[in-house]
Amino acid sequence: MKLSFGKKLVTFVFLCSICCIAFADTKHTVEKGDTLYSISKKYSITLDQLRKANNLTDTDVIKVGQKLTIPGKDDNSSTSKIKTEVTEYVVQKGDTLYGIAKKQGIKVADLMELNGLDNNSVIKVGQKLKIKTTSSSVKTTTTTTTTKTTTTTTTSSAGTTTTVTTPIPDTRTYGTSVNADKSTIWPVKNPTVTTVKGKVNGVQLSAQKNESVTCIREGSVMYIGVYRGYGQIIFVQSKTGIIYAYAGLNTISVKKGDYVLFGNELGTAGVDSLTGKSQITFMVFQNGQSIDPAKAPRN
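Keep in mind that what you see is a predicted model, and the values were worked out from it rather than measured.

Thresholds applied
- Residues numbered from 1 in each chain as written.
- Predicted model: local features only at pLDDT ≥ 70, side-chain atom pairs only at ≥ 80, totals over all residues.
- Heavy atoms only, no water.
- Helix = DSSP H or I, 4+ residues; strand = E, 2+ residues; numbered from the N terminus.
- Buried < 20%, exposed > 50% of the residue type's maximum accessible area, 1.4 Å probe, protein only.
- Contact = heavy atoms within 4.5 Å.
- Areas by Shrake-Rupley, 256 points an atom, 1.4 Å probe, with all protein chains shown as cover.
- Salt bridge = Lys/Arg side-chain N within 4 Å of Asp/Glu carboxyl O.
- Core = buried A, V, L, I, M, F, W, Y, C linked by side-chain atoms within 4.5 Å.
- Arc of directions from axis to C-beta.
- pLDDT = per-residue confidence, 0-100.
- Phe/Tyr/Trp six-rings, centres within 6.5 Å; stacked < 30°, edge-to-face > 60°.
- Polar contact = N/O pair within 3.5 Å; in protein donor to acceptor, adjacent residues only side chain to side chain.
- Pairing = 2+ DSSP bridges.

Novice: So, the overall build of the chain: which residues are in play, and what are the values?
Specialist: For the chain, the helix and strand inventory stands at five helices and 17 strands. The buried share among the 299 residues of the chain stands at 32%. Of the contacts made within the chain by residues no fewer than 6 positions apart, 55% connect residues no fewer than 24 positions apart. Surface summary for the chain: the accessible area is close to 18,600 Å², and the carbon and sulfur share equals 53%.

Novice: A description of the pattern of salt bridges should follow, citing residues and the corresponding values.
Specialist: Scanning all chains against the criterion turns up four salt bridges. In this structure, the salt-bridge partner of glutamate 113 is arginine 51, at a minimum N-O distance of 4.0 Å. Of this pair, glutamate 113 sits in helix H5 (residues 108–114) while arginine 51 sits in helix H3 (residues 47–53), and the two are 62 residues apart along the sequence. On the accessibility criterion, arginine 51 (4% relative accessible area) is buried.

Novice: Report on the nonpolar core, specifying residues and quantitative values.
Specialist: Formed by 24 residues in total, the largest nonpolar core has its most connected members in Leu205, Tyr244, Tyr246 and Phe282. Grouped together as the second largest cluster of nonpolar side chains are 12 residues, Val30, Ile45, Leu56 and Ile70 included.

Novice: Residue-level account of helix H4 (residues 97–104), with values.
Specialist: Looking only at H4, the buried set comprises Leu97, Ile100 and Ala101. The buried residues of H4 occupy an angular sector of 100 degrees when the element is viewed end-on, so they sit on one face. With respect to the buried face of H4, the exposed residues turned more than 90 degrees away are Tyr98, Lys102 and Lys103.

Novice: Quick one: what's the story with the environment of glycine 94, residue by residue and with numbers?
Specialist: Take glycine 94: it is sitting in the loop between strand S3 (78–90) and H4. For glycine 94, a relative accessible area of 70% translates into the label exposed. Glycine 94 sits 30 residues away from lysine 124 along the chain, and the two C-alpha atoms are 9.5 Å apart.

Novice: Give me the lowdown on the confidence of the model for the chain, citing residues and values where you can.
Specialist: Taken residue by residue, the chain gives an average pLDDT of 76. The fraction at 70 or more is 69%. The spread of mean pLDDT over the elements of the chain runs between helix H1 (residues 2–22), the lowest at 43, and strand S10 (residues 212–214), the highest at 97. In this model, residues 5–24 is a region of pLDDT below 50 whose contacts with residues beyond four sequence positions or in other chains number five contacts. The model gives residues 137–148 a pLDDT under 50, and that stretch makes 41 contacts with residues more than four places away or in other chains.

Novice: I'd like a rundown of the packing of aromatic side chains, residues and numbers included.
Specialist: Scanning the model with the defined rule gives four aromatic pairs in all. Here tryptophan 186 and phenylalanine 282 contribute two aromatic rings whose centre-to-centre distance is 6.3 Å and whose plane-to-plane angle is 85 degrees, an arrangement assigned as edge-to-face. Highlighted residues: tryptophan 186 in the loop between strand S7 (173–177) and strand S8 (193–197) and phenylalanine 282 in strand S16 (residues 278–286), separated in sequence by 96 residues. Ring centres of tyrosine 223 and phenylalanine 235 lie 5.7 Å apart, and the angle between their planes is 55 degrees; on these two criteria the pair is classed as tilted. Placement of the pair is tyrosine 223 in strand S11 (residues 219–227) and phenylalanine 235 in strand S12 (residues 231–237), with a sequence separation of 12 residues.

Novice: Lay out the side chain of glutamine 204 in plain terms, naming residues and giving numbers.
Specialist: Here glutamine 204 lies in strand S9 (residues 202–206). A polar side-chain atom of glutamine 204 sits 3.4 Å from a polar atom in the side chain of glutamine 279.

Novice: Can you lay out the pairing of S12 for me, pointing to particular residues and giving the numbers?
Specialist: Counting buried positions along S12 gives five out of seven residues, so the element sits mostly inside the fold. Strand direction decides the pairing type here: S11 and S12, joined by seven bridges, are antiparallel. If you follow isoleucine 224 over to S12, its bridge partner there is isoleucine 234. In this structure, S12 lies alongside strand S13 (residues 243–252), joined through six bridges in antiparallel fashion. Among the inter-strand pairings, glutamine 237 is bridged to a residue of S13, identified as isoleucine 243. Between S12 and S13, which pair antiparallel one after the other, the connecting turn spans five residues, and glycine 241 there sits at a positive phi close to 95 degrees.

Structure follows, in structure tokens:
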């Protein structure tokens, strides 16, 4: 089991490293002919994003050889979809760059840059100017820890908000309740015991709110952390090498390296994020394989 857990840990660290690299900010070296607009279009970001990432103002000018930070587009809390369109505007009598920009809802600097104009440029009646317009929708997903739903809120550029609530599927496979011997000792008192199957096998134990979770076999605390799908978890390895996993904890009372005795409190029972019930998951491993928790040795 030590080797198996070690491999998982190494894989986890490796994947985290890959994700960090994939979503890290990149660099762009300004070349002749580059403009902030052309660079933003190349990397599918907005001018505002590019300026903000490089602390540039509307009037700043970029130079050949200058290195610009291209912000990453990944966001853990929301996904933004930006659609950019370029249309034409025919200059009318009395028009000014400022008036056109205000009318079109864009910045003067963006209008000038898109059309290759500077502060000395003069526009003429009938002249065609490129106008860049953007529309975006932001999709935000929030998952609560006490319900079985995902709330998705989509806000359009027009300000219309649509909220959709959908159930989160419980991918765990539940068996029947186990009629274990009444003398069987569990980490919580008088639980309803239900078998759970998935990547690993174990049992789910009903519990009182914030009920104390106790050690049923003395050993060393070899791991404390958060395991995907199981919440906070503690691994205790007995002297014989059997590993007892207490998962779904609300609080933890021990630390890695502690030697815990039978009956010592390890933490308190948590609330399952999908069922909303107070319970823990209990698993036992021997030689890297799941074994029946009801038959595992107790003190």
